[in-house]
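# What the coordinates show
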Amino acid sequence: MLYIYGASGHGKVIWSILEDLGIKSDGFIDQNLSIKQFTGLSVFHTEDSLTIDNQLLIGIGDNQIRKELSERLETSYLKIIHPTAFLWKGVAIDEGTVVMANATIQIGSFIGKHCIINSACSIDHDCQIEDFVHISPNATLSGNVTVKEGAWVGAGATVIQGITIGKWAVIGAGAVVIKDVPDGATVVGNPAKVIKTNQNI
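Residues numbered from 1 in each chain as written. Predicted model: local features only at pLDDT ≥ 70, side-chain atom pairs only at ≥ 80, totals over all residues. Heavy atoms only, no water.

## Concerning the sheet that holds strand β15 (residues 128-129)
Put simply, the test is: Note on pairing: DSSP must find at least two bridges between two strands before they are called paired. What counts as a helix is a DSSP run of H or I of at least four residues, what counts as a strand is a run of E of at least two, and both are numbered from the N terminus.
What the 5 strands build is an open sheet, ordered β9-β12-β15-β18-β21; its pairing is parallel. Edge positions in the open sheet fall to β9 (92-93) and β21 (164-165), since each of these has one partner strand only. Sheet topology note: the strand β18 (residues 146-147)/β21 ladder contains 2 bridges and is parallel. Opposite T146, over in β21, you have T164 as the bridge partner.

## Examining the sheet that holds strand β5 (residues 55-58)
In a beta sheet, neighbouring strands are held together by backbone hydrogen bonds and run either parallel or antiparallel to one another. Going by this rule: Any two residues having at least one pair of non-hydrogen atoms within 4.5 Å are treated as being in contact. Angles shown run from 0 to 180 degrees and are taken between the N-to-C directions of axes, each axis being a line fitted to C-alpha atoms and, for helices, limited to the stretch in contact.
Taking strand neighbours across the sheet as the criterion, the 6 strands line up as β3-β4-β2-β1-β5-β6 in an open arrangement whose pairing is mixed. What marks the edges here is a single partner per strand, and that holds for β3 (37-38) and β6 (76-77). The strands touched by helix α1 (residues 9-20) within the sheet are β1 (2-5), β2 (28-29), β3, β4 (41-44) and β5, with β1 carrying the most contacts at an inclination of about 150°. On top of the sheet, helix α2 (residues 63-72) reaches β1, β5 and β6; it is set at about 160° to β5, its chief contact.

## A closer look at α1
Note the threshold: One fewer than the residue count of a helix, multiplied by 1.5 Å, yields its expected span. Classification of residues uses two cut-offs on accessible area relative to the type maximum, computed with a 1.4 Å probe and protein chains only: under 20% is buried, over 50% is exposed, and between them is partly exposed. Of all possible arcs, the one meant is that of the directions from the helix axis to the C-beta atoms.
Between its first and last C-alpha, α1 extends 17 Å over 12 residues, near the 16 Å set by a 1.5 Å rise per residue. The complete set of buried residues in α1 reads H10, G11, I14, I17 and L18. Around the axis of α1, the buried residues are gathered within 115° of arc, so they sit on the same side. Buried residues belonging to α1 abut β1, β2, β5, β7 (80-81), β10 (98-99) and β13 (116-117).

## Regarding the side chain of D30
Counted only if it meets this: Neither His nor the chain ends contribute to the count of charged residues, in which Lys and Arg are positive and Asp and Glu negative. Each salt bridge in this description consists of a side-chain nitrogen of Lys or Arg and a carboxyl oxygen of Asp or Glu lying within 4 Å of one another. In protein, a polar contact means a hydrogen-donor-capable atom and an acceptor-capable atom, both N or O and within 3.5 Å, with residues adjacent in sequence counting only if both atoms are side-chain atoms; elsewhere, any N or O pair within 3.5 Å suffices.
With respect to the helices and strands, D30 occurs in the loop between β2 and β3. Buried and without a salt bridge, D30 has K36 as its closest oppositely charged side chain, separated by 11 Å. In this structure the side chain of D30 is engaged in a polar contact, spanning 2.8 Å, whose partner is the backbone nitrogen of N32. Excluding its chain neighbours within four sequence positions, the residues that come into contact with D30 are G6, A7, I35, V43, F44 and H45.

## Some thoughts on the environment of I81
Inspection of the secondary structure puts I81 in strand β7. The class for I81 is partly exposed, based on a relative accessible area of 30%. The spatial distance from the C-alpha of I81 to the C-alpha of S142 is 21 Å, given a sequence separation of 61 residues. Ignoring sequence-local partners within four residues, the contact set of I81 consists of I17, L21, L87, I93 and V99.

Structure representation (structure tokens):
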């Protein structure tokens, strides 16, 4: 049995990728009791049916929630890659990660667990993407970029080569990152500057 956890926008995109791959889902899991069906599939409001024999994709965009669910739920996780995405043949993708339409991942790169590699983003050579990261639509990572656990690179952001983005950092939409970003920092603008830091990281 294959389930998608999260009956919302991100879950809908995951469902559509499964459809494009010819993989049928058995339904959604969501805590919102008012949602009975989603994309024509049943929505279950309990996790009781999940076992290690099931497969699950977490269809929730929030990086922290994906981490919490993946650590709590005892099941197995699928990884999916949209057929229009370009991945060099040796690129390693870990469990739970979703690679969306027209994304590019070049030679020497590694993608960790439960990442969102969103539509039409570009990850160049030798990038290291740690667990629970979200690379948003049309974001560009140049070569040798490291994105640490839980970081979020916003839509249309550009990161020059050799940069490290710290754990749980946030890169604002359209930002141009030309120097390393500390853990927990939020940066915006061109060039990107820190506007706040989460001290709880």
